Every structure is written in C-alpha cells, then in structure tokens.
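Listed here are the chains, written in short residue letters.
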Amino acid sequence: MDSVTFQKLKDIEARLVEVESRMSDPGVAQDPSAYQKLAREAKDITPVASQYRSYKDTLGELTKVQEMIRTEADPELREMAHEELHALEGRREQMEEQIRMLLIPRDPNDEKNVLLEIRAGTGGEEAALFAAEIFRMYTRYAERLRWRMDVVSMTKSGQGGIKEVIAMVEGDRVYSKLRYESGVHRVQRVPATESAGRIHTSAVTVAVLPEAEEVDVKIEAKDLRIDTFCSSGPGGQSVNTTYSAVRITHLPTNTVVSCQDEKSQIKNREKAMKVLRARLYEVALAEQQKAIASERKSMVGSGDRSEKIRTYNFPQNRVTDHRIGLTVHQLPSFLDGDLDEMVGALIAHSQAEKLKA
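What you see is a predicted model, and the numbers here were worked out from it, not measured in a lab.

Colleague: So what's going on with the packing of helix 1 (residues 3-23) against helix 3 (residues 32-71)? Which residues, and what values?
Modeller: Viewed as axis vectors pointing N to C, helix 1 and helix 3 meet at an angle of 135°, and their least axial separation amounts to 8 Å. Classified by the angle their axes make, helix 1 and helix 3 are oblique. You can see that helix 1 and helix 3 cross each other, and the crossing is left-handed. Broken down by class, the residue content of the contact of helix 1 with helix 3 amounts to 17 nonpolar, one polar and seven charged.

Colleague: Account for the side chain of histidine 185, with residues named and values stated.
Modeller: The residue histidine 185 is located in strand 4 (residues 183-189) in this model. A polar atom in the side chain of histidine 185 sits 2.8 Å from the side chain of tyrosine 312.

Colleague: Can you lay out the nonpolar core for me, pointing to particular residues and giving the numbers?
Modeller: Counting residues in hydrophobic clusters, the biggest one holds 37 residues, and the most contacted among them are Ile118, Ile134, Met137, Tyr138, Leu178 and Tyr312. Elements represented by at least two residues in this core include exactly strand 1 (114-120), helix 5 (124-144), strand 3 (162-170), helix 6 (174-178), strand 5 (200-210), strand 11 (326-328), helix 9 (331-335) and helix 10 (340-356). With nine residues, helix 5 is the single largest residue contributor to this core. Dropping the residues within four chain positions of it, tyrosine 312 is found in contact with Phe130, Ile134, Met137, His185, Arg186, Val187, Gln188, Arg318, Val319, Leu331, Phe334 and Leu335. Residues Val217, Ala272, Tyr281 and Leu285 belong to the second largest nonpolar core, which totals 21 residues.

Calculation criteria
Residues numbered from 1 in each chain as written. Predicted model: local features only at pLDDT ≥ 70, side-chain atom pairs only at ≥ 80, totals over all residues. Heavy atoms only, no water. Axes fitted to C-alpha atoms, helices over the stretch in contact; angles between N-to-C directions. Helix = DSSP H or I, 4+ residues; strand = E, 2+ residues; numbered from the N terminus. Parallel < 35°, antiparallel > 145°, perpendicular 65-115°, else oblique. Left-handed = near helix turned anticlockwise from the far one by under 90°. Nonpolar A, V, L, I, M, F, W, Y, C, P; charged D, E, K, R; others polar. Polar contact = N/O pair within 3.5 Å; in protein donor to acceptor, adjacent residues only side chain to side chain. Core = buried A, V, L, I, M, F, W, Y, C linked by side-chain atoms within 4.5 Å. Buried < 20%, exposed > 50% of the residue type's maximum accessible area, 1.4 Å probe, protein only. Contact = heavy atoms within 4.5 Å.

Below, the structure written as structure tokens:
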C-alpha cells in the first residue's frame, strides 16, 4: 500500500477519535442537529478505521513471522512460519482490496429513503399499462428487501394503467440500490389492444429522489401556503364530503405538492411535506453540484422512447440495460421484482469507474 493511502487512513482514524470525543461532549449532546451530523460521520468512517486497525495488526503479525523465519534454527518451525507467512500475505492482499473499496467516495444520500416517481411517457394507454407493471416490479422488489412502500399520490388511466404514481420507499440503504433506476424504461411488446399483432414501443420515466430530512432542508412556515380540499376517487363516504386532501405551495420556489391518498388530513399533510422536502432538496443539490443535475436530466429526459436506459423486450424474453450492456433473459421474474443481478451489476460498474478515477 502506498504512503498516500496510508496517510489517508491515519487521518480517518484520527478523525474518528475526534468525532467520538465531540459526541461525548455534553454541549453537543444537547444539540440534536449537531449530534446527528456527527453520528452520521462516525457511522460512515468507522468501517474504514476498523479495517485500517485490523490491517495494522496483520502487518504486525507479518513482521513477527518474518523475524521468526530469519532467526529460527529449527527447520520444522521455520516451515510452519513460512506457511503462516503465506496465509498472512493472502489476508493482507484481501484487506488492501477491501480498504480500496471502502475508500471509494460514498454518496451521502446512500443511506436515505427515496421518493419514487413513475410516469407514463410515449405510448398512450400502453405506456400507462406498463407504468403500472413497473410500479408493481418495484413494489415486489421492496417486499423482497423488507422495505416499506407508501403511496403518496396516484393517477390511474381508464384501462387499469397508471399515468403517474409517487411513493415513499423506506428501508435499509434504499437510495444506494434504487439510484440507478432513474431514467427512461422502454418496452417492446404486442399490446392487449393490438388486433393485428404488431409490436409497439412505449416508454415510462422513473425518477428516484433521496428523501430530505429537516436537517437537510429548512422550510419556514411563512413560506408555505396550505390549502385543503375534498379528495376524489375511491375512499368511501369521506370522498367529496370532508376536506382531507392537502395542497402545499412553497412560495419562494412555487413548488406545489398535493396528497389525498389518506382519509386523514394530518397524514396527507405529513406525506406532502416529505415530498416537498425531497423536491427542494433536489433543487439544492442541483445548485451545489450542476453535474448531478445534468446527469439526472440525461437519465430522465422528456420521456421520449429514444432516451432510454433499459429495454424490456417481451418477444425475446429479455431485459437489457444499455448503460452497462447487461442482458437478463428472465423477463417475467425480473418484472416480479427479481432485480438483484441488475442492481448488483450497476453498483459494481459504478464502483469500478470510481476506482479508475
């Protein structure tokens, strides 16, 4: 391992000691925002510091074994030492690789829950039907990982499709796994409404936004206009009789969020605020890092079928991700939420690119 990496590891270890010391300070403990920020930093750097300490222990053992080989007169003991040396060298190489992976810059949003937005793009009713299938795919994937999927709003089409759905996905490292799903998903198949058996191409857009917490985005009450209105659609006697639906307008940015999924006005307001925070957080990220904004724009685009990141081809029973060139020939199971191979490959590709950089 080179001296630059060693120094970086020493700095991280020293920073962890400093952070833990500050967290035990009574003054910091009384400031929830400051304590939470330090706790997050400690959680991020602890794996690196722990691995570095183990690595130093391994180097110490290697030095002792090498000294034993150099000074030991007994041939049998020297042979045993050589075997131990071989095992320790293998462990050292393995740990160096693990450290390199841990040192890859992590997105601070990886641990966050996400706001998942799915919209029908090019293709009319067929696109809406496929949007419903894509939403079911992510719902099934969330079930496999024991995530919670909570619908904020949904606009359905006339034949059982979905024009637009917004949902909060909560669980362990949700953003780290779903972040690469943002973009245009293209489907090629014969629609149920097609009498001549021709293959149609339609598109659905998916956007994955990290959930923003109060410590990420400060929203002043004076900047909000909150309107209530009667909800519409299924819901029983409360529909069109009680003002349970909520519309929140953030006046400085003119961002408008509505929620009527719950019968309770309080719950609808809570959901709407989550969506608003996520939207404003995305704007803040775009201002701080224009590269993030341009990347997302290129991934999501306008919904045109040519701006695709993935194609779902029903006649050939395949799913192809065009960014990494991976094709999976198990379309039914993929749409049933079996995304592990694709998600894993996208994460591995991203890590490899970061290592190159």
